[in-house]
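Remarks on the overall topology
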Amino acid sequence: MAVMTITEAQVWTWLEDVPDPEIPVISIVDLGVVRGVDVAGDQVKVTITPTYSGCPAMAIIAMDIETALAKQGVTDLQLETKIAPAWTTDWLSDKGRARLEGYGIAPPQTAGGPARCPRCQSDAVEKISQFGSTPCKAQWRCQSCLEPFDYFKCI
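Summarised in this report is the structure supplied together with it. Source: prediction; values computed, not measured.

1. Re the pairing of strand β1 (residues 34-40)
- Where β1 and strand β2 (residues 43-48) come together, 6 bridges link them in antiparallel fashion. Paired with Val39 across the strands is Val44, a residue of β2.
- Here β1 folds back onto β2 in antiparallel fashion, the turn holding 2 residues, of which Gly41 has a positive phi close to 65 degrees.

Now the structure itself:
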């Protein structure tokens, strides 16, 4: 029986296929939730950080990680949740930001509001509400196409 050697790079690749349960077009890797991967022999340790301390999706993310890695033959998995340092939108990858915008969610900007409408690309936008469909998003509207859209808040 051949023994499979698991590498850190493989685990990162497998985790790139695990979608965020609230925004399925972005992986947990591109979202920046996966903080680290360590492989020691047959044991795999994955460190994750919630996007905010009360994030209800973390239990699903943990289960999805376990399921994805089990499908790849990982039998000894340790999941560690770290809340410090706190997750920040700076951890979003460029690929993740592009996927958010393609999905109709304006990616975070350091200036505090969306640079443009993710649908028509107009920069004529206005805030409707500081609170959106999830705590990490705010509700905005484009003044050109008149469509509402979520804005992923800077954290």
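2. Points about the nonpolar core
- Val11, Leu15, Val34, Val46, Ile65, Leu69 and Phe152 are the most contacted members of the largest nonpolar core, which has 30 residues in total.
- At the level of elements, α1 (8-15), β1, β2 and α2 (58-71) are the ones that each hand at least two residues to this core.
- Take this core: its biggest share by element is 5 residues, from α2.
- Apart from residues no more than four positions distant in its own chain, Phe152 is found in contact with Ile23, Leu31, Trp87, Thr89, Leu92, Leu100, Ile105, Ala106, Pro107, Pro108, Cys136 and Lys137.
- Membership of the second largest hydrophobic core comes to 8 residues, among which are Ala106, Cys117, Trp140 and Phe149.

3. With respect to empty space enclosed by the protein
- Under the counting rule described, the total for this entry stands at 1 cavity of 30 Å³ or more.
- Empty space within the largest cavity amounts to approximately 70 Å³.
- In terms of lining residues, the largest cavity is bounded by Asp20, Glu22, Ile23, Leu31, Val33, Thr51, Cys55, Ala57, Met58, Ile61, Cys136 and Phe152.
- Residue composition of the lining of the largest cavity, by class: 9 nonpolar, 1 polar and 2 charged.

4. Brief notes about unusual backbone geometry
- With an omega of -5 degrees, the peptide bond running from Ala84 to Pro85 counts as cis.
- As for its placement among the helices and strands, Pro85 is situated in the loop between β3 (76-81) and α3 (94-103).
- Positive phi is not limited to glycine here, since Gln121 has a value of about 70 degrees.
- Mapped onto the elements, Gln121 comes out in the loop between β4 (105-106) and β5 (125-129).
- Residue Gln121 is classed as partly exposed on the basis of its relative accessible area, which comes to 39%.

5. Some thoughts on the sheet that holds β3
- Spatially, β1-β2-β3 is the arrangement adopted by the 3 strands of the open sheet, whose pairing is mixed. Of all strands in the sheet, those with a lone pairing partner are β1 and β3, marking the two edges. Each strand axis lies, on average, 15 degrees off the axis of its neighbour in the sheet, ignoring direction.
- Most of the contacts of α2 go to β3, to which it runs at about 160 degrees, and overall it touches β2 and β3.

6. Here's the deal with the packing of aromatic side chains
- Enumeration according to the criterion identifies 2 aromatic pairs in this entry.
- Measuring from centroid to centroid gives 6.0 Å for Trp140 and Tyr151, while their planes differ by 65 degrees, and the two rings are edge-to-face. Of the two residues, Trp140 is situated in strand β6 (residues 137-142) and Tyr151 in strand β7 (residues 148-152); the sequence distance between them amounts to 11 residues.
- Looking at Tyr151, the relative accessible area reads 2%, which means it is buried.

7. What to know about the pattern of salt bridges
- Under the defined criterion, the tally for this structure stands at 5 salt bridges.
- In this structure, Asp30 and Lys95 form a salt bridge, with 3.8 Å as the shortest nitrogen-oxygen distance. One end of the pair, Asp30, is in the loop between α1 and β1; the other, Lys95, is in helix α3, with 65 residues separating them in the sequence.
- Asp30 gets classed as buried once you look at its relative accessible area, which sits at 8%.
- Between Arg116 and Glu101 there is a salt bridge, with the nearest N and O atoms lying 2.9 Å from each other. Of this pair, Arg116 sits in the loop between β4 and β5 while Glu101 sits in helix α3, and the two are 15 residues apart along the sequence.
- Arg116 gets classed as partly exposed once you look at its relative accessible area, which sits at 35%.
- With relative accessibility at 15%, the residue Glu101 sits in the buried group.

Calculation criteria
Residues numbered from 1 in each chain as written. Predicted model: local features only at pLDDT ≥ 70, side-chain atom pairs only at ≥ 80, totals over all residues. Heavy atoms only, no water. Pairing = 2+ DSSP bridges. Helix = DSSP H or I, 4+ residues; strand = E, 2+ residues; numbered from the N terminus. Core = buried A, V, L, I, M, F, W, Y, C linked by side-chain atoms within 4.5 Å. Buried < 20%, exposed > 50% of the residue type's maximum accessible area, 1.4 Å probe, protein only. Contact = heavy atoms within 4.5 Å. 1 Å grid on protein atoms, 1.4 Å probe; cavity = no way out; pocket = protein on both sides within 12 Å on 5 of 7 lines; lining within 4 Å. Points joined across faces, edges and corners; volume = space filled by probe spheres on them. Nonpolar A, V, L, I, M, F, W, Y, C, P; charged D, E, K, R; others polar. Axes fitted to C-alpha atoms, helices over the stretch in contact; angles between N-to-C directions. Phe/Tyr/Trp six-rings, centres within 6.5 Å; stacked < 30°, edge-to-face > 60°. Salt bridge = Lys/Arg side-chain N within 4 Å of Asp/Glu carboxyl O.

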